[in-house]
Amino acid sequence: MPLTHAPEQKRPADRVAVPPPQAETDTLAAAKIVHIAAGALLVALVLAGLYLGREILIPLALAILLGFVLGPLVTRLRRWGLPHLLSVITVVTLALALIGGSFAFMASEVRELSAELPTYQQTIKRKLVDLRQAVRAPGMFDGITRTVTLVQREASNIAAEATAKPSGASRVQQVEILGESRSPLDRALEGLERVASPLLTAGIVLVFTFLILLDRLDLRDRLIRLVGGNLHRATDAMDEAGERISSYLIVQLWVNLSYGIPMALGLWLLGVPGAFLWGAVAAVMRYVPYVGPMVSAVFPLALAFAVDPGWSTVLWTLALIVLLELISNNIVEPWLYGTSTGLSAISLIVAATFWTALWGPVGLVMSTPLTVCLLVIGRHLPALQFFNILLGSAPALDAPTRLYQRLLSGDVDEAVELGLELAQEADSPPAFYQDCALPVLRRTVADYQTVSTSEHRLRLITGMEALLDELHEPTPPAHQATPTVLCLGAKWEVDTLAARMLAHSLALEGTPARADTALASSAESLADISGPAPRTVCLSLFAPEPWRTARRACRRVQRRWPQARIVVCAWNVDDKALADPALAETLGADAVADSLVEAVLRAQESLGATATEWEKAPEPPHDAQRVRQLRALGTLDEPALSELFERTAQRASSIFDVSAAMVTVVTESELRVLGFHGALRSSVEGQDVVIDSGKAFERPRERALCGHVVARDEVLLVPDIAKDPRFAANPDLRAAGLRFYAGAPLRMKRGGAIGSLCLLDTEPKRLSERDIKLLQGMAQDLMQAIARHKPHADVEAAEAEAPEEPKSSATVGQVVPDT
């Protein structure tokens, strides 16, 4: 599309950016330099403290990690009724006995291995001789080897002749200095010092661990006080960070044990000496990323080489190690960790190097757990969020920002490739336009005045045109129909780009439409448009205050095509700006829309296509078993259960601050409302609608959103129904004026979901990840309460599932499980 420039084209806002005075600019630059210097000094002080204080910090770090692992055991014992102090003593004693017993067993293994090693000397010598003979056997490189050897010999002779001394020179006498003989007491004290150092460290770790477990809540309160700020956010951050770190360390321990125990048993069956020792080494070394498993594999392979006169034991040992690696990496870890994002591969390597340089071998083993702790803390504490950005594998930028950055860089091919990838993830071009492309254009308009240059604007327009050309698949001439909808930009080229997206979306929905490069605010441009008169004209506007331009464009469109209906698409305004029901009439239009989905619906309605498609609730795979489980509950209209459902709906409505909430069940044919609280008030087509009873939502299951929750057996979140292509055209939802829905399944372990606990509102809303988990937890608690009221029905509530995290943009080196 050529870069047109209308005569009356102006900047998106009347305000002109005024550069700050030079003195103010210099002050800001100096303050920035001081800030950077202070940050660098702080980093240097932290690094110096970590290195110089390693004698105390290493035991403290080990104690903190042990506290995360043992904390859940203390909590479990307290729930069983054991006093807190006794629970801590019991857990610490058991851990100390387990660790001490393991070290004693490993020490005995080392002693036995050292006693057996001399017996394998002959086997090692024989194999080395065989290898030496094999290497010296004639081969293709013999000539080269002999030539290199001859050259080296001649060079050595020349060097020896050059450095030879005259015959009369005196010979240098060799002198050996013998140290003072040491007494047995000195040697005993030296050995005691070597033993006392690790014992002292272990004692410090034990004391720290005991105190951390004993005063865990007090330490948490002090950390919350240090963090400061919002008490709710700090409490949530500390709780979730602690749960995630504990979950990671426990899962990592199970992963390592699932690798080390089979390794020890396999080596024992193969007859490799010290099998259980090498199994323990393999389990510990898996804490070291990438290098650890390779290092732990060297020892059993070397002993297999020494024990067996042949090569079968070595090959079987190698096969065992490879098999366990494949099983652990591809089956055990995905099963235990799930699909959560975590540490990127490069951050693991950098962290291993960093902690090894500071704390030596202990730092190498602790590098991954320590880095995971920093990552989780950075996810939940705003002040330390840079750790999540630097260390994590989750995308640092959201999809629109990533595409916007690629377009700004001027690399059209890379931008088009990323856009096509995002469009494929969005399942359809309209979804990509709504969630990614239109936000990019909004960002373009917002930056037009402040930071973008002419070159940046040219790159954005050119790159977006290339992307739209790739996404738009031309219709074969035999299937082309006369366009009935004309999509135009009102004032700027970004308006025209959005008009192209709308025309493409309409075409994919079966409505013949086309976009033109003419700008509706220019009468000359409208006069140049040829072809049959359109039945509907969609005007695209991105100005933050578009109404004056929209009125002028509507007047000119009406003069050009008097019979055409007009839909104004204001892409850059909020919902409050569209609350006036007389807005369309004021502009001289037939409808106003602020989203792509709504624009498609309004355009189709203007053509008389009122019965648009919407997604009906499917039937779940094992619906017969689900219905049998529902019938096994018997009647759910008992007074006690009805009070429970009403109370749950009231609590959900209050906690999530929504207009209404309800508890539903889905039978084989319909939706039944068991509990309802609240009232929905909205204006539909100029008429006030009030819904204060759950009976208004009882309808066939395929028309209810709760039917989708049951069919999917997972949380369904629809932030804005009017902008969701699946449900925007649902006549029941539109008649009720419903804009927001969130439903969590009432799930059983056998039979799937029987219904949902859902939130309703007439205004668009969004839920955070924690809110979704809370809604799931309330649904699970409700099912457990039903099970207590119906003990004869054999009903057991299923565990709530955690929502999926965003797909990683970097190579994942270590995943972090959800709690």
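Residues numbered from 1 in each chain as written. Predicted model: local features only at pLDDT ≥ 70, side-chain atom pairs only at ≥ 80, totals over all residues. Heavy atoms only, no water.

### Focus: the pattern of salt bridges
- Scanning the entire structure with this criterion turns up 16 salt bridges.
- For Asp732, the salt bridge identified is with Arg703, shortest N-O distance 2.8 Å. Of the two residues, Asp732 sits in helix α26 (residues 731-736) while Arg703 sits in the loop between β10 (687-691) and α25 (705-712), which places them 29 residues apart along the sequence.
- As a salt-bridge pair, Asp761 and Lys765 come within 3.8 Å of each other at their nearest N and O atoms.
- On the basis of relative accessible area, Lys765 is assigned to the partly exposed category, the value being 26%.
- Put simply, Glu598, Arg602 and Glu605 are held in one network by salt bridges that share partners. (Salt bridge = Lys/Arg side-chain N within 4 Å of Asp/Glu carboxyl O. Helix = DSSP H or I, 4+ residues; strand = E, 2+ residues; numbered from the N terminus. Buried < 20%, exposed > 50% of the residue type's maximum accessible area, 1.4 Å probe, protein only.)

### Section: the side chain of Asp720
- Take Asp720: it is sitting in the loop between β11 (716-718) and α26.
- For Asp720, a relative accessible area of 10% gives the class buried.
- Looking at Asp720, its side chain comes within polar contact range of the side chain of Arg739, at 2.8 Å.
- In contact with Asp720, other than residues within four places in its own chain, are Arg739 and Pro764. (Polar contact = N/O pair within 3.5 Å; in protein donor to acceptor, adjacent residues only side chain to side chain. Contact = heavy atoms within 4.5 Å.)

### Overview of the state of the cysteines
- All told, the structure shown has 0 disulfides when counted by the stated rule.
- Unpaired in terms of disulfides, Cys706 finds its nearest cysteine sulfur in Cys758, a separation of 3.9 Å. (Disulfide = S-S within 2.5 Å.)

### Digging into the sheet that holds strand β5 (residues 565-570)
- Strand order in this open sheet of 5 strands is β3-β2-β4-β5-β6, and the pairing throughout is parallel. Lying at the two open borders of the sheet, with one neighbouring strand each, are β3 (513-519) and β6 (591-593). Between one strand axis and the next, the sheet turns by 25° as a mean value, whatever way the strands run.
- Pairing geometry for strand β4 (residues 536-541) and β5, over 6 bridges, is parallel. From the neighbouring strand, Val537 faces β5, where its bridge partner is Ile566.
- Packing against the sheet, helix α22 (residues 596-606) makes contact with β4, β5 and β6, and its axis sits at approximately 160° to β6. (Pairing = 2+ DSSP bridges. Axes fitted to C-alpha atoms, helices over the stretch in contact; angles between N-to-C directions.)

### Considering the packing of aromatic side chains
- This model, assessed by the stated rule, comprises 7 aromatic pairs.
- Between Phe105 and Phe276, the aromatic rings sit 6.0 Å apart at their centres with planes inclined by 70°, giving edge-to-face as the arrangement. Taken as a pair, Phe105 in helix α3 (residues 84-116) and Phe276 in helix α9 (residues 275-285) lie far apart in primary sequence, 171 residues in all.
- A relative accessible area of 39% places Phe105 in the partly exposed class.
- Between the aromatic rings of Trp278 and Phe299, the centroid separation amounts to 5.2 Å while the plane-to-plane angle is 5°, which identifies the pairing as stacked. (Phe/Tyr/Trp six-rings, centres within 6.5 Å; stacked < 30°, edge-to-face > 60°.)

### Quick notes on the pairing of strand β8 (residues 671-678)
- Relative to β8, strand β7 (residues 660-666) is paired through 7 bridges, and the arrangement is antiparallel. Within the sheet, the bridge partner assigned to Ala660 lies in β8 and is Gly678.
- Linkage of β7 to β8, two consecutive antiparallel strands, is achieved through a turn of 4 residues.

### What about a nonpolar patch on the surface?
- On the surface, a cluster of nonpolar side chains totalling about 940 Å² of accessible area is made up of Phe105, Leu253, Trp254, Leu257, Ile261, Leu265, Trp268, Leu269 and Phe276.
- Considering each element in turn, the nonpolar patch owes the most residues, 7 residues, to helix α8 (residues 231-270).
- For Leu253, a relative accessible area of 35% translates into the label partly exposed. (Patch = residues over 30% accessible without salt bridge, like charges linked within 9 Å, V, L, I, M, F, W, Y side chains within 5 Å. Areas by Shrake-Rupley, 256 points an atom, 1.4 Å probe, with all protein chains shown as cover.)

### A short note on unusual backbone geometry
- Phi is positive for Asp657, close to 55°, though the residue is something other than glycine.
- Position of Asp657 relative to the elements: it lies in the loop between α24 (639-656) and β7.
- A residue is classified by how much of its surface remains accessible, and Asp657, at 56% relative accessible area, is exposed.
- For Asp713, which is not glycine, the phi dihedral falls at a positive 60°.
- Inspection of the secondary structure puts Asp713 in the loop between α25 and β11.
- Asp713 gets classed as partly exposed once you look at its relative accessible area, which sits at 26%.

### Comments concerning the nonpolar core
- Among the nonpolar cores identified, the biggest contains 47 residues, and Leu403, Phe432, Leu441, Met464 and Leu502 are the most heavily contacted of them.
- For Leu403, the contacting residues outside a window of four places in its chain are Ala415, Leu418, Gly419, Leu422, Phe432, Cys436, Val440 and Leu467.
- If you look at the next biggest cluster of nonpolar residues, it comprises 30 residues, including Leu633, Ala744, Leu767 and Met783. (Core = buried A, V, L, I, M, F, W, Y, C linked by side-chain atoms within 4.5 Å.)

### What to know about the confidence of the model for the protein
- For the protein, the mean per-residue pLDDT works out to 79, and 81% of the residues sit at or above 70.
- When mean pLDDT is taken per element in the protein, β4 scores highest with 91 and strand β14 (residues 812-815) scores lowest with 54.
- In the model, residues 1-19 has pLDDT below 50 throughout and makes 32 contacts with residues more than four positions away in sequence or in other chains. (pLDDT = per-residue confidence, 0-100.)

### Overview of the packing of helix α18 (residues 493-508) against α22
- Contact pair α18 / α22: the axes reach a minimum separation of 10 Å and the direction vectors enclose 60°. Between α18 and α22, the interaxial angle falls into the category oblique. Remark: the crossing between α18 and α22 carries right-handed chirality. Contacts between α18 and α22 involve Leu502, Ser505 and Leu506 from the former and Leu596, Ala599, Val600, Ala603 and Gln604 from the latter.
- Looking at the contact of α18 with α22 residue by residue, the classes come out as 6 nonpolar, 2 polar and no charged. (Parallel < 35°, antiparallel > 145°, perpendicular 65-115°, else oblique. Left-handed = near helix turned anticlockwise from the far one by under 90°. Nonpolar A, V, L, I, M, F, W, Y, C, P; charged D, E, K, R; others polar.)

### Comments concerning helix α12 (residues 345-380)
- A rise of 1.5 Å per residue sets the reference length of α12, with its 36 residues, at 52 Å; its end C-alpha atoms lie only 21 Å apart and thus fall more than 12% short of the reference.
- When the local axis directions of α12 are compared, the greatest deviation, roughly 150°, occurs at Trp359, which is followed within four positions by the proline Pro361. (Expected span 1.5 Å × (residues − 1). Bend = angle between axes of the 7 residues up to and from the residue.)

### A short note on the packing of helix α7 (residues 216-227) against α8
- Contact pair α7 / α8: the axes reach a minimum separation of 10 Å and the direction vectors enclose 130°. Here α7 is positioned oblique relative to α8, judged by the angle of their axes. The interaxial crossing formed by α7 with α8 has right-handed handedness. Residues Arg220, Leu223, Ile224 and Val227 of α7 form the contact with α8, whose participating residues are Leu231, Ala234, Thr235, Met238 and Asp239.
- The residue inventory of the contact of α7 with α8, partitioned by class, reads 6 nonpolar, 1 polar and 2 charged.

### Let's talk about a negative patch on the surface
- Side chains of Asp411, Asp413, Glu417 and Glu421 sit close together on the surface and give a patch of like negative charge.
- Taking the relative accessible area as the measure of exposure, Glu417 reaches 57% and is therefore exposed. (Lys, Arg positive; Asp, Glu negative; His and termini not counted. Charge placed at Lys NZ, Arg CZ, Asp CG, Glu CD.)

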